[in-house]
Amino acid sequence: MSGQDRDPVAVAEAALETVAAVAPDVRDGLPGRRRYLEGENPSGEEVLAADVYADDLLEEALSDVDGVGTYASEERESAVDAGGGGVSVAVDPLDGSSNLKSNNPMGTVVAAYDGDLPASGRDLVGAGFVLYGPVTTMVAGVGAPGDATIREYLVTDDGEREPLDRVDLPDDPTVYGFGGRVPDWPDDFAAYVDEVEEELKLRYGGAMIADVSQVLSYGGVFAYPALESAPDGKLRLQFEGNPVAYLVEGAGGRSSDGDRSLLDVPATGIHQRVPVHVGNAELIERLESALS
Ligand code: F6P
Ligand code: MN
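Per chain, residues are indexed from 1 in the order of the written sequence. Here chains are named by letter from A upward and ligands by number from 1 upward, in the order in which they appear as written. The predicted origin of the model limits local features to residues at a pLDDT of at least 70 and limits the giving and counting of side-chain atom pairs to 80 or more, whereas totals for whole chains, interfaces and linings rest on all residues. Only hydrogens and water are set aside when side-chain values are computed; all heavy atoms of the structure are taken into account.

1. A short note on unusual backbone geometry
The phi angle of most residues is negative, glycine excepted, and most peptide bonds adopt the trans form. Omega for the peptide link from Leu117 to Pro118 comes to 0°, which places this bond in the cis form. Put simply, DSSP H or I for four residues or longer makes a helix, DSSP E for two residues or longer makes a strand, and each gets a number counted from the N terminus. Position of Pro118 relative to the elements: it lies in the loop between β6 (106-114) and β7 (124-132). Of note in this structure, Asn103 is not a glycine but carries a positive phi near 55°. Within the secondary structure, Asn103 sits in the loop between α3 (99-102) and β6. For Asn103, a relative accessible area of 63% corresponds to the exposed category. Burial here depends on accessible area, computed with a 1.4 Å probe over protein chains only, as a share of the maximum for the residue type. Under 20% is buried, over 50% is exposed, and the range in between is partly exposed.

2. Some words on the coordination of the manganese ion (ligand 2)
As a rule, N, O and S atoms within 2.8 Å of a metal are its donors, except that Na, K and Ca use 3.2 Å; water is not among the atoms, so sites may look incomplete. Taken together, the protein donors to the manganese ion (ligand 2) comprise Asp92 (OD), Asp95 (OD) and Glu240 (OE), at separations of 2.0 to 2.2 Å. Along the chain, the residues that donate to the manganese ion (ligand 2) are spaced as D-x2-D-x144-E. Neither residue differs from the other here; Asp92 and Asp95 are each classed as buried.

3. Quick look at the site of ligand 1
Being near a molecule or strand, for a residue, means having at least one of its heavy atoms within 4 Å of it. Near ligand 1 you find Asp95, Gly96, Gly180, Tyr204, Gly206, Ala207, Met208, Tyr224, Lys234, Leu235, Arg236 and Glu240, and these make up its full shell. Asp95 is positioned such that a nitrogen or oxygen atom in its side chain is 2.8 Å from an oxygen atom of ligand 1. The definition of a polar contact used here is a pair of N or O atoms within 3.5 Å, where within protein one atom must be able to donate a hydrogen and the other to accept one, and adjacent residues in sequence count solely through side-chain atom pairs. Between ligand 1 and the protein, one listed contact pairs an oxygen atom with a side-chain N or O atom of Tyr224 at 3.0 Å. To be clear on the numbers: accessible area is Shrake-Rupley with a 1.4 Å probe, and residue cover counts the displayed protein chains and nothing else. Expressed as a share of its isolated accessible area of 400 Å², the protein-covered part of ligand 1 is 77%. Under the grouping applied here, Gly and all other residues not named as nonpolar or charged are polar, the nonpolar ones being Ala, Val, Leu, Ile, Met, Phe, Trp, Tyr, Cys and Pro and the charged ones Asp, Glu, Lys and Arg. Residue composition of the shell around ligand 1, by class: five nonpolar, three polar and four charged.

4. Some remarks on the domain arrangement of the protein
Often the size quoted for an interface is simply the accessible area lost on bringing the parts together. Marked domain ranges trace back to an automatic or database domain assignment. Splitting the protein by domain gives domain 1 (3-166) and domain 2 (175-291). Each of domain 1 and domain 2 has a C-alpha centre, and the two are 21 Å apart. Counting residues at the interface gives 46 residues for domain 1 and 29 residues for domain 2. Counting the surface lost from both domain 1 and domain 2, the interface buries some 2700 Å², and carbon and sulfur atoms represent 61% of this. By convention, the term buried area covers the 1.4 Å-probe accessible surface removed from two parts as they join, with the contributions of both added. On the domain 1 side of the interface with domain 2, the three residues burying the most area are Pro118, Arg122 and Phe129, jointly 19% of the side's total. Only one rule defines a salt bridge in this text: a Lys or Arg side-chain nitrogen within 4 Å of an Asp or Glu carboxyl oxygen. Our count for the domain 1 to domain 2 interface comes out at three salt bridges. For the salt bridge of Arg122 with Asp264, the shortest nitrogen-to-oxygen distance reads 2.8 Å. The interface formed by domain 1 and domain 2 includes 14 residue pairs in polar contact (both at pLDDT 80 or more). Listed by contribution, the elements that provide at least two residues to the side of domain 1 that touches domain 2 are β3 (68-73), β5 (87-95), β6, β7 and β8 (136-142). For the side of domain 1 that touches domain 2, the element with the highest residue contribution is β7, accounting for eight residues. Looking at the side of domain 1 that touches domain 2 residue by residue, the classes come out as 27 nonpolar, 12 polar and seven charged. In this description, contact between two residues means that some pair of their heavy atoms is separated by no more than 4.5 Å.

5. Quick look at the packing of helix α4 (residues 187-199) against helix α7 (residues 281-291)
A pair of packed helices is characterised by two quantities: the angle between their axes and the separation of those axes. Axis angles are defined between N-to-C directions and span 0 to 180 degrees, where every axis is a line fitted to C-alpha atoms and, for a helix, only to the segment in contact. The contact between α4 and α7 brings their axes to 8 Å, and the two run at 145°. Here the hand of the crossing between α4 and α7 comes out right-handed. Along its contact with α4, which presents Asp188, Phe189, Tyr192, Glu195, Val196 and Glu199, the element α7 presents Leu283, Arg286, Leu287, Ala290 and Leu291. Here the contact of α4 with α7 is built from residues that sort into seven nonpolar, no polar and four charged. Here a crossing is taken to be left-handed if its near helix is turned anticlockwise relative to the far helix by less than a right angle, and right-handed if that turn runs clockwise.

6. Here we look at the packing of aromatic side chains
Two rings from Phe, Tyr or Trp (for Trp, the six-membered ring) form a pair when their centres are within 6.5 Å of each other. A pair whose planes differ by under 30 degrees is stacked, one over 60 is edge-to-face, and the rest are tilted. Counted by the stated rule, this structure contains six aromatic pairs. The interplanar angle of 50° and the centroid separation of 6.4 Å between the aromatic rings of Phe178 and Tyr192 together place this pair among those described as tilted. You can see Phe178 sitting in strand β11 (residues 175-178) and its partner Tyr192 sitting in helix α4, a full 14 residues away along the chain. By relative accessible area, which is 1% here, Tyr192 ends up buried. One aromatic cluster in this structure is built from Tyr176, Phe178, Trp185, Phe189 and Tyr192. The ring centre of Tyr53 lies 3.6 Å from the NZ or CZ of Arg33, which sits over that ring. The criterion for a charge sitting over a ring is simple: Lys NZ or Arg CZ within 6 Å of the ring centre, and within 35 degrees of the ring normal.

7. Details of the pairing of β5
Burial analysis of β5 places nine of its nine residues in the buried class, which makes it a mostly covered element. In this description, strands pair whenever DSSP reports at least two bridges between them. Pairing between β3 and β5: five bridges, direction parallel. Across the sheet, Ser73 pairs through a bridge with Val91, a residue of β5. Relative to β6, β5 runs antiparallel, the two sharing seven bridges. Within β6, the position partnered with Val87 by the bridge is Asp114.

8. What to know about the sheet that holds β11
On the basis of which strands lie adjacent, the open sheet formed by five strands has the order β12-β11-β13-β15-β14 and mixed pairing. Every other strand in the sheet has two partners, leaving β12 (201-202) and β14 (254-256) as the edge strands with one partner each. In this structure, β14 lies alongside strand β15 (residues 276-279), joined through three bridges in antiparallel fashion. Bridge pairing links Ser255 to Val278 in β15.

Below is the structure:
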């Protein structure tokens, strides 16, 4: 059987195992790579030596996975041909890398799509993230959106995954975290924040993956909303919005671009941006009402 004929879900599982296997090397490479390089990534952001290092490690390892036909990353203008066909992996090698200077948590995000990029979130066959916190963990699931069981793993120093608990959003949400400068928030979003602030407590760290992990652990809502200066927000659909939506929805929550599930947002480009809101269903429903 050639790689292209391999079951896409099995390819996604192998890709997630590969990301876990590389995670200790990514982590070990951070201390000496806290400096910025010349130039910007395709989204116009500053690039750290650690971003490039993680991207290179992941490209090499994931391109080698049988059945992965394409590797795309936030750090590269165009996707890399890894044999074509089969499953495409879209990776944010070091999410929240501006946290490296202040030594706060960061992550690696991976989305596995059954098809070419850019792809719809409905084509996901698996997604996950590694969180480089006090402990290295992975949260991941495989299968079609809605079929996936989301689980947390401990990632050992050898890059093995030790299964921990199934991830289910707590019914009683307690935290919120919203990106962007407050004066840049549109009035309707700001009015929603006023409501949420009455009920939840602020927990925001500036790395999407760490902030989403707080929502998965304690219940609540994370958003990087549309801004007055950036109507599509900051986060990218292929690398960030879709995988996070897949995981939060799989854990019993909801995602939205303000109007519909992120998984239903039409894909128009690899680096396309999208407003991201994820969390407990009731909080996302109220958000959609506030923005309508
Ligand atoms: O990947 C983009 C990112 O680093 C996210 O992890 C995070 O949510 C966001 O940018 C924070 O951006 P800013 O500090 O510009 O609000
Ligand atoms: Mn990111």
